[in-house]
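Tertiary structure, described
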Amino acid sequence: MSDSPIRLAVREWQEQVITGTHLMRQLVSFEHWQLLVAKTEAAEPKQDEPPVRLLYGEDAEGVSRLYLFSDEEAYTSFLQATGQTSDAHDRLIIDGVWVFSLPLEQFDVVEIDPASPWQIGYRREQFPALRAMAEAVAVEQALIALQHGEARPETLQRVRDYEHYLLPVLAAEGDRYALVLAPDPQGRALAAVFTAPDAFDAFVQALSMIPDDEELLQLEVPGPVLFAQLAETSLDGLVFNSFGPSRPVAFALPIASLLLEM
């Protein structure tokens, strides 16, 4: 059997091929997580709240563990290791954005593929980082949908209201900043916007035009402020995550006004 994307990602992280942040992105972006739920409750969840009762384990010390399975082999290994049977519960198949946007603080640990050779776990203090990555990936998915012409109100709202856009800037006179533009082979003036720190870091690593005596700064801007400011510029457009790790998405400048008109 070929390795699943999650197994490959964990192995690359263990071998220090990818960072812990990249691994989190892989987990959040995975679309086929299996969760254990109470019988008869494996219906498709609503967007805003889980309509199911998630099942979890609790050890003798009272540590509660939510189990996630990436494939059938991992799930089967767990049943064999714990002596459980599949008729004791149902399984909910759901995407990582939904999973890691849950209020996970009710658990102590989230365990990925427990009882497998590639098992990993995240403790409660790491949940905010997972949730932040889930928010970023959700916005990236909305940007791709928007680029493909899906202008549903909820898509536009998710893009507009995201609170953690990142801009690369250089310190200018006083308290002002100079925006660093995204490289463009056609010579267009495109604002470089990023949805997450790993996307910003990929941009920095790819840059070669920043003078050694200038420091590139990271400025966090809420969506409504960002689009209001961009709408007042003479730029040609904006590009999100121009060097990955998610797919770059570019728009002409009028998108800023469109988002503000909602």
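Okay, so let's go over this structure. Owing to the predicted nature of the structure, the values given are computational and were not obtained by experimental measurement. (Residues numbered from 1 in each chain as written. Predicted model: local features only at pLDDT ≥ 70, side-chain atom pairs only at ≥ 80, totals over all residues. Heavy atoms only, no water.)

1. Some remarks on the packing of aromatic side chains
Test applied: Stacked, tilted and edge-to-face pairs are distinguished by plane angle, under 30 degrees for stacked and over 60 for edge-to-face with tilted covering the rest, among Phe, Tyr and Trp rings (Trp via its six-membered ring) whose centres lie within 6.5 Å. Think of it this way: any DSSP run of H or I at least four residues long counts as a helix, any run of E at least two long counts as a strand, and we number them from the N terminus. Note on classification: 1.4 Å probe, protein chains only; a residue is buried when its accessible area is under 20% of the maximum for its type, exposed when over 50%, partly exposed between these limits. Geometrically, a charge over a ring is one whose NZ (Lys) or CZ (Arg) sits within 6 Å of the ring centre while staying within 35 degrees of the ring normal.
Using the criterion set out here, one finds 13 aromatic pairs in the structure. Their ring planes at 85° and their centres at 6.5 Å tell us that Trp33 and Phe100 sit as a pair that is edge-to-face. Of this pair, Trp33 sits in strand β1 (residues 33–37) while Phe100 sits in helix α4 (residues 96–100), and the two are 67 residues apart along the sequence. The buried category is assigned to Phe100, whose relative accessible area is 0%. Between the aromatic rings of Phe69 and Tyr75, the centroid separation amounts to 5.7 Å while the plane-to-plane angle is 80°, which identifies the pairing as edge-to-face. We classify Phe69 as buried; its relative accessible area is 0%. Across the ring face of Tyr75, the terminal group of Arg91 is positioned such that the distance to the ring centre comes to 3.8 Å.

2. Observations regarding the nonpolar core
To keep things clear, this is the line we draw: Take the buried residues of types Ala, Val, Leu, Ile, Met, Phe, Trp, Tyr and Cys, join any two whose side-chain atoms come within 4.5 Å, and each joined set is a nonpolar core. Note on contacts: a residue pair qualifies if any of its non-hydrogen atoms lie within 4.5 Å across the two residues.
Among the nonpolar cores identified, the biggest contains 42 residues, and Trp33, Phe100, Ile112 and Tyr122 are the most heavily contacted of them. Residue contacts for Tyr122: discarding those within four places in its chain leaves Leu23, Met24, Leu27, Asp108, Val109, Val110, Ile112, Phe127 and Leu130. With 27 residues, the next largest nonpolar core counts Ala142, Val193, Val249 and Phe251 among its residues.

3. Observations regarding the sheet that holds strand β9 (residues 181–182)
Defined as follows: Two strands make a pair as long as DSSP finds a minimum of two bridges between them.
Taking strand neighbours across the sheet as the criterion, the four strands line up as β9-β10-β12-β13 in an open arrangement whose pairing is mixed. Among the strands making up the open sheet, the edge pair consists of β9 and β13 (249–252). Of the strand pairs in this sheet, strand β10 (residues 190–193) and strand β12 (residues 237–240) are connected by four bridges, and their pairing is parallel. Within β12, the residue paired with Ala192 across the bridge is Val239.

Geometry only, nothing functional implied.
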